[in-house]
Amino acid sequence: MAKIIVVTSGKGGVGKTTSSAAIGTGLAMRGHRTVLVDFDVGLRNLDLIMGCERRVVYDFINVVQGDATLNQALIKDKRLDNLFVLAASQTRDKDALTVEGVGRVMSELSAQFDFVICDSPAGIEKGAHMAMYFADEAVVVTNPEVSSVRDSDRMLGLLSSKSKRAEENREPIKEFLLLTRYDPARVETGEMLSVTDVEDILSIKLLGVIPESQAVLKASNQGVPVIFDAESDAGQAYGDAVDRLLGADMPHRFLEVQKKGILKRLFGG
(Lines give C-alpha, C1' and ligand atoms only; values in the text may rest on other atoms or scores of the structure.)
Protein backbone atom coordinates (compact mmCIF):
# COMPACT_ATOMS: atom_id res chain seq x y z
CA MET A 1 0.00 0.00 0.00
CA ALA A 2 1.21 3.46 -0.89
CA LYS A 3 1.89 6.26 1.53
CA ILE A 4 -0.43 9.16 0.62
CA ILE A 5 1.16 12.58 1.16
CA VAL A 6 -0.72 15.85 0.70
CA VAL A 7 1.25 19.01 -0.09
CA THR A 8 -0.88 21.87 1.16
CA SER A 9 -0.95 25.50 2.28
CA GLY A 10 -3.43 28.07 3.48
CA LYS A 11 -2.24 30.72 1.05
CA GLY A 12 -1.67 30.67 -2.70
CA GLY A 13 1.64 31.46 -4.35
CA VAL A 14 3.89 29.91 -1.71
CA GLY A 15 5.46 27.29 -3.99
CA LYS A 16 3.16 24.36 -3.30
CA THR A 17 3.03 22.91 -6.83
CA THR A 18 6.78 23.46 -7.28
CA SER A 19 7.28 21.58 -4.01
CA SER A 20 4.91 18.76 -5.01
CA ALA A 21 6.82 18.29 -8.27
CA ALA A 22 10.21 18.36 -6.53
CA ILE A 23 9.21 15.96 -3.75
CA GLY A 24 7.53 13.47 -6.09
CA THR A 25 10.46 13.58 -8.50
CA GLY A 26 12.94 13.21 -5.65
CA LEU A 27 11.16 10.10 -4.37
CA ALA A 28 11.20 8.59 -7.85
CA MET A 29 14.91 9.44 -8.24
CA ARG A 30 15.52 7.42 -5.09
CA GLY A 31 13.85 4.35 -6.58
CA HIS A 32 10.27 4.69 -5.29
CA ARG A 33 7.34 4.25 -7.67
CA THR A 34 5.56 7.60 -7.34
CA VAL A 35 2.48 9.34 -8.76
CA LEU A 36 1.68 13.06 -8.59
CA VAL A 37 -2.04 13.88 -8.44
CA ASP A 38 -3.23 17.43 -9.21
CA PHE A 39 -6.28 18.36 -7.12
CA ASP A 40 -6.40 21.96 -8.34
CA VAL A 41 -9.43 21.47 -10.59
CA GLY A 42 -9.98 24.40 -12.94
CA LEU A 43 -6.42 25.74 -12.86
CA ARG A 44 -4.07 22.78 -13.47
CA ASN A 45 -0.42 23.79 -13.17
CA LEU A 46 1.30 20.59 -12.10
CA ASP A 47 1.49 19.24 -15.66
CA LEU A 48 3.22 22.47 -16.77
CA ILE A 49 5.90 22.21 -14.10
CA MET A 50 6.38 18.52 -14.95
CA GLY A 51 6.65 19.35 -18.65
CA CYS A 52 3.82 17.05 -19.79
CA GLU A 53 1.00 19.52 -20.52
CA ARG A 54 0.73 18.50 -24.18
CA ARG A 55 0.29 14.85 -23.27
CA VAL A 56 -2.88 15.24 -21.18
CA VAL A 57 -5.73 13.31 -22.83
CA TYR A 58 -7.76 12.19 -19.81
CA ASP A 59 -7.68 13.84 -16.39
CA PHE A 60 -8.43 13.15 -12.73
CA ILE A 61 -12.12 14.05 -13.08
CA ASN A 62 -12.50 11.67 -16.05
CA VAL A 63 -11.27 8.85 -13.81
CA VAL A 64 -13.38 9.89 -10.80
CA GLN A 65 -16.52 9.94 -12.98
CA GLY A 66 -15.68 6.68 -14.77
CA ASP A 67 -15.17 8.26 -18.21
CA ALA A 68 -11.63 6.85 -18.41
CA THR A 69 -9.57 4.22 -16.62
CA LEU A 70 -6.68 5.15 -14.38
CA ASN A 71 -4.16 3.68 -16.82
CA GLN A 72 -5.62 5.82 -19.63
CA ALA A 73 -5.18 8.99 -17.59
CA LEU A 74 -1.74 8.38 -16.02
CA ILE A 75 1.10 10.17 -17.82
CA LYS A 76 4.51 8.53 -17.56
CA ASP A 77 7.41 10.92 -16.99
CA LYS A 78 9.92 10.99 -19.84
CA ARG A 79 12.91 11.23 -17.50
CA LEU A 80 12.03 8.66 -14.83
CA ASP A 81 10.33 5.32 -15.54
CA ASN A 82 8.81 5.11 -12.05
CA LEU A 83 7.21 8.59 -12.00
CA PHE A 84 3.67 9.36 -13.22
CA VAL A 85 1.32 12.37 -13.29
CA LEU A 86 -2.47 12.44 -13.00
CA ALA A 87 -3.49 15.88 -14.26
CA ALA A 88 -6.40 18.00 -13.07
CA SER A 89 -9.22 19.13 -15.32
CA GLN A 90 -9.26 22.70 -16.61
CA THR A 91 -12.91 22.65 -17.63
CA ARG A 92 -14.72 20.95 -14.74
CA ASP A 93 -15.87 22.25 -11.37
CA LYS A 94 -14.42 21.15 -8.02
CA ASP A 95 -17.86 19.76 -7.13
CA ALA A 96 -17.05 16.88 -9.49
CA LEU A 97 -14.73 15.59 -6.75
CA THR A 98 -16.70 13.28 -4.45
CA VAL A 99 -15.46 11.36 -1.42
CA GLU A 100 -16.56 8.08 -3.03
CA GLY A 101 -14.95 8.82 -6.39
CA VAL A 102 -11.69 10.17 -5.00
CA GLY A 103 -11.54 7.31 -2.50
CA ARG A 104 -11.83 4.76 -5.30
CA VAL A 105 -9.02 6.42 -7.28
CA MET A 106 -6.80 6.68 -4.19
CA SER A 107 -7.38 3.00 -3.50
CA GLU A 108 -6.38 2.07 -7.07
CA LEU A 109 -3.28 4.27 -6.90
CA SER A 110 -2.30 2.84 -3.51
CA ALA A 111 -2.25 -0.63 -5.00
CA GLN A 112 0.11 0.44 -7.82
CA PHE A 113 2.50 2.93 -6.19
CA ASP A 114 4.82 3.41 -3.21
CA PHE A 115 3.96 7.10 -2.84
CA VAL A 116 0.92 9.16 -3.89
CA ILE A 117 1.68 12.91 -3.77
CA CYS A 118 -1.48 15.03 -3.71
CA ASP A 119 -0.93 18.60 -4.91
CA SER A 120 -3.64 20.54 -3.10
CA PRO A 121 -5.18 23.86 -4.12
CA ALA A 122 -4.63 26.62 -1.58
CA GLY A 123 -7.19 27.44 1.07
CA ILE A 124 -10.00 25.47 2.63
CA GLU A 125 -12.48 24.84 -0.20
CA LYS A 126 -13.61 21.44 -1.48
CA GLY A 127 -10.56 20.62 -3.60
CA ALA A 128 -8.25 21.21 -0.65
CA HIS A 129 -10.46 19.10 1.62
CA MET A 130 -10.49 16.23 -0.89
CA ALA A 131 -6.70 16.41 -1.25
CA MET A 132 -6.10 16.08 2.49
CA TYR A 133 -8.97 13.71 3.35
CA PHE A 134 -7.18 10.43 2.56
CA ALA A 135 -3.66 11.55 3.53
CA ASP A 136 -1.26 9.69 5.80
CA GLU A 137 1.21 12.57 5.92
CA ALA A 138 1.06 16.30 5.13
CA VAL A 139 3.73 18.71 3.96
CA VAL A 140 2.55 22.21 4.91
CA VAL A 141 4.25 24.76 2.65
CA THR A 142 4.63 28.30 3.96
CA ASN A 143 6.61 31.46 3.29
CA PRO A 144 8.35 33.24 6.18
CA GLU A 145 5.73 35.98 6.48
CA VAL A 146 3.02 36.45 9.09
CA SER A 147 -0.04 36.05 6.82
CA SER A 148 1.29 32.85 5.23
CA VAL A 149 2.19 31.31 8.59
CA ARG A 150 -1.19 32.24 10.08
CA ASP A 151 -3.02 30.59 7.17
CA SER A 152 -0.83 27.49 7.53
CA ASP A 153 -1.77 27.31 11.21
CA ARG A 154 -5.41 27.19 10.15
CA MET A 155 -4.62 24.34 7.73
CA LEU A 156 -3.08 22.36 10.59
CA GLY A 157 -6.39 22.62 12.43
CA LEU A 158 -8.23 21.22 9.41
CA LEU A 159 -5.70 18.40 8.96
CA SER A 160 -6.25 17.29 12.53
CA SER A 161 -10.06 17.41 12.38
CA LYS A 162 -11.32 16.95 8.80
CA SER A 163 -9.37 13.90 7.59
CA LYS A 164 -10.54 10.31 7.26
CA ARG A 165 -8.03 9.38 9.96
CA ALA A 166 -9.64 11.87 12.35
CA GLU A 167 -13.15 10.61 11.57
CA GLU A 168 -12.08 7.01 12.24
CA ASN A 169 -10.14 7.91 15.43
CA ARG A 170 -6.91 6.58 13.93
CA GLU A 171 -3.40 7.90 14.38
CA PRO A 172 -3.42 11.52 13.14
CA ILE A 173 -1.84 12.72 9.91
CA LYS A 174 1.91 13.18 10.34
CA GLU A 175 2.65 16.86 9.68
CA PHE A 176 5.82 18.43 8.28
CA LEU A 177 6.79 22.06 7.67
CA LEU A 178 8.41 23.13 4.40
CA LEU A 179 9.58 26.75 4.49
CA THR A 180 10.01 28.22 1.00
CA ARG A 181 11.43 31.45 -0.48
CA TYR A 182 13.71 31.92 2.53
CA ASP A 183 16.21 34.79 2.41
CA PRO A 184 18.64 34.95 5.39
CA ALA A 185 19.69 38.51 4.50
CA ARG A 186 16.08 39.72 4.82
CA VAL A 187 15.71 37.80 8.08
CA GLU A 188 18.72 39.72 9.46
CA THR A 189 17.10 43.05 8.57
CA GLY A 190 13.79 42.04 10.14
CA GLU A 191 11.86 41.95 6.84
CA MET A 192 11.16 38.24 7.13
CA LEU A 193 10.41 35.75 9.91
CA SER A 194 13.25 33.45 10.94
CA VAL A 195 13.07 29.65 10.84
CA THR A 196 12.80 29.67 14.64
CA ASP A 197 9.92 32.18 14.54
CA VAL A 198 7.93 29.97 12.15
CA GLU A 199 8.72 26.80 14.11
CA ASP A 200 7.56 28.47 17.34
CA ILE A 201 4.23 29.46 15.77
CA LEU A 202 3.41 26.18 13.98
CA SER A 203 5.14 23.65 16.28
CA ILE A 204 5.55 20.92 13.66
CA LYS A 205 8.63 19.08 12.44
CA LEU A 206 10.78 21.06 10.00
CA LEU A 207 11.20 19.08 6.78
CA GLY A 208 13.21 21.63 4.84
CA VAL A 209 14.07 25.26 4.17
CA ILE A 210 14.11 26.20 0.48
CA PRO A 211 16.09 29.37 -0.26
CA GLU A 212 14.83 32.11 -2.56
CA SER A 213 16.34 31.16 -5.91
CA GLN A 214 16.10 32.12 -9.58
CA ALA A 215 16.60 28.42 -10.33
CA VAL A 216 12.99 27.74 -9.25
CA LEU A 217 11.49 30.12 -11.82
CA LYS A 218 13.87 28.93 -14.52
CA ALA A 219 13.01 25.27 -13.88
CA SER A 220 9.26 25.96 -13.83
CA ASN A 221 9.43 27.80 -17.15
CA GLN A 222 11.34 24.88 -18.67
CA GLY A 223 8.92 22.25 -17.36
CA VAL A 224 11.65 20.57 -15.30
CA PRO A 225 11.33 20.02 -11.52
CA VAL A 226 14.00 22.12 -9.80
CA ILE A 227 15.32 19.09 -7.89
CA PHE A 228 17.03 18.04 -11.14
CA ASP A 229 19.22 21.16 -10.83
CA ALA A 230 21.73 19.70 -8.38
CA GLU A 231 23.96 22.78 -8.73
CA SER A 232 21.35 25.18 -7.33
CA ASP A 233 20.70 25.85 -3.64
CA ALA A 234 16.98 25.19 -4.14
CA GLY A 235 17.59 21.86 -5.90
CA GLN A 236 19.91 20.71 -3.13
CA ALA A 237 17.49 21.87 -0.41
CA TYR A 238 14.62 19.91 -1.98
CA GLY A 239 16.90 16.86 -2.20
CA ASP A 240 17.64 17.17 1.52
CA ALA A 241 13.90 17.49 2.28
CA VAL A 242 13.12 14.29 0.35
CA ASP A 243 15.85 12.42 2.24
CA ARG A 244 14.39 13.63 5.56
CA LEU A 245 10.93 12.54 4.43
CA LEU A 246 12.41 9.06 3.94
CA GLY A 247 13.84 9.10 7.47
CA ALA A 248 17.36 10.49 7.05
CA ASP A 249 18.74 12.72 9.81
CA MET A 250 20.35 15.63 7.97
CA PRO A 251 21.43 19.12 9.04
CA HIS A 252 19.54 22.03 7.52
CA ARG A 253 21.48 24.17 5.05
CA PHE A 254 21.11 27.64 3.55
CA LEU A 255 19.95 29.21 6.82
CA GLU A 256 22.76 31.78 7.04
CA VAL A 257 23.85 34.60 4.74
CA GLN A 258 26.44 33.21 2.34
CA LYS A 259 29.72 35.07 2.72
CA LYS A 260 31.38 35.95 -0.58
CA GLY A 261 34.88 34.65 -1.27
CA ILE A 262 37.68 37.07 -2.09
CA LEU A 263 37.27 36.62 -5.88
CA LYS A 264 33.54 37.37 -5.72
CA ARG A 265 34.22 40.44 -3.56
CA LEU A 266 36.80 41.69 -6.06
CA PHE A 267 34.96 40.90 -9.28
CA GLY A 268 31.31 40.84 -8.21
CA GLY A 269 28.73 38.01 -8.49
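Residues numbered from 1 in each chain as written. Predicted model: local features only at pLDDT ≥ 70, side-chain atom pairs only at ≥ 80, totals over all residues. Heavy atoms only, no water.

If you look the protein chain up in an unreviewed UniProt entry, it shows as Septum site-determining protein MinD from Paraperlucidibaca wandonensis. What UniProt records for the protein chain under Sequence similarities (unreviewed entry) is the sentence "Belongs to the ParA family. MinD subfamily." For the record of the protein chain, the UniProt heading Function (unreviewed entry) holds the text "ATPase required for the correct placement of the division site. Cell division inhibitors MinC and MinD act in concert to form an inhibitor capable of blocking formation of the polar Z ring septums. Rapidly oscillates between the poles of the cell to destabilize FtsZ filaments that have formed before they mature into polar Z rings." (UniProt positions renumbered as here; feature names shortened; annotations may be inferred.)

Asker: A description of empty space enclosed by the protein should follow, citing residues and the corresponding values.
Answerer: Under the criterion given, the structure shown has one cavity of 30 Å³ or more. What the largest cavity holds in volume is close to 40 Å³. Along the walls of the largest cavity sit Gly208, Val209, Ala237, Asp240, Arg244, His252, Arg253 and Phe254, which together make up its complete lining. Residue contributions to the lining of the largest cavity peak at three residues, all from helix H12 (residues 233–245). (1 Å grid on protein atoms, 1.4 Å probe; cavity = no way out; pocket = protein on both sides within 12 Å on 5 of 7 lines; lining within 4 Å. Points joined across faces, edges and corners; volume = space filled by probe spheres on them. Helix = DSSP H or I, 4+ residues; strand = E, 2+ residues; numbered from the N terminus.)

Asker: Talk me through the environment of Gly42; I want residue IDs and the actual numbers.
Answerer: Within the secondary structure, Gly42 sits in the loop between strand S2 (34–38) and helix H2 (46–49). Since its relative accessible area comes to 31%, Gly42 is described here as partly exposed. Residues Gly42 and Ala111, spaced 69 residues apart in sequence, show a C-alpha to C-alpha distance of 27 Å. If we ignore the near neighbours within four places in the chain, the residues touching Gly42 are Ser89, Gln90 and Arg92. (Buried < 20%, exposed > 50% of the residue type's maximum accessible area, 1.4 Å probe, protein only. Contact = heavy atoms within 4.5 Å.)

Asker: Describe unusual backbone geometry, with residues and values.
Answerer: The phi dihedral of Arg181 falls on the positive side, at around 55 degrees, and the residue is not glycine. Summarising the element assignment, Arg181 is placed in strand S7 (residues 174–182). Residue Ser203 is not a glycine yet carries a positive backbone phi of 55 degrees. In this fold, Ser203 is placed in the loop between helix H10 (195–202) and strand S8 (205–211).

Asker: Explain the side chain of Asn62 residue by residue, including any values.
Answerer: Within the secondary structure, Asn62 is located in helix H3 (residues 60–64). For Asn62, a relative accessible area of 10% translates into the label buried. Not counting the four nearest positions on each side in its chain, Asn62 is found in contact with Val57, Asp67, Ala68 and Arg92.

Asker: Let's hear about the pairing of strand S1 (residues 3–8): which residues, and what values?
Answerer: Within S1, five of the six residues are buried, which leaves the element mostly enclosed by the surrounding structure. Summarising the sheet, S1 and strand S6 (residues 137–142) pair through four bridges and their orientation is parallel. Bridged to Val7 within S6 is Val139. (Pairing = 2+ DSSP bridges.)

Asker: Quick one: what's the story with the nonpolar core, residue by residue and with numbers?
Answerer: Across soluble globular proteins, you tend to see nonpolar side chains buried next to one another. Within the largest apolar cluster, 51 residues are counted, with the highest numbers of intra-cluster contacts made by Phe39, Phe60, Leu86, Met106 and Leu109. Considering each element in turn, this core owes the most residues, five residues, to helix H7 (residues 146–161). Residue contacts for Met106: discarding those within four places in its chain leaves Ile4, Val37, Phe39, Phe60, Val116, Cys118 and Phe134. (Core = buried A, V, L, I, M, F, W, Y, C linked by side-chain atoms within 4.5 Å.)

Asker: Account for the packing of helix H1 (residues 16–29) against H12, naming residues and giving values.
Answerer: With their axes 9 Å apart at the nearest point, H1 and H12 run at an angle of 60 degrees to one another. With respect to the hand of their crossing, H1 and H12 are arranged in right-handed fashion. Contacts from Thr18, Ser19, Ala22, Ile23, Gly26 and Leu27 of H1 reach H12 at Tyr238, Val242 and Leu245. Taken together, the residues of the contact of H1 with H12 sort by class into six nonpolar, three polar and no charged. (Axes fitted to C-alpha atoms, helices over the stretch in contact; angles between N-to-C directions. Left-handed = near helix turned anticlockwise from the far one by under 90°. Nonpolar A, V, L, I, M, F, W, Y, C, P; charged D, E, K, R; others polar.)

Asker: Lay out the UniProt feature "domain: CobQ/CobB/MinD/ParA nucleotide binding" (unreviewed entry) in the protein chain with the relevant residues and their values.
Answerer: Here, UniProt's "domain: CobQ/CobB/MinD/ParA nucleotide binding" (unreviewed entry) annotation points to residues 5–226. Note that residues 5–226 is 41% helix and 19% strand, and that its end C-alpha atoms are spaced 19 Å apart.

Asker: I'd like a description of the packing of H7 against H10, backed by residues and values.
Answerer: Following both chains from N to C, one finds H7 and H10 inclined at 35 degrees, their axes separated by 10 Å at the closest point. In this structure, the crossing between H7 and H10 has a hand that is right-handed. Seen from H7, the contacting residues are Val149, Ser152, Asp153 and Leu156; seen from H10, they are Val198, Ile201 and Leu202. Within the contact of H7 with H10, the residues separate by chemical class into five nonpolar, one polar and one charged.

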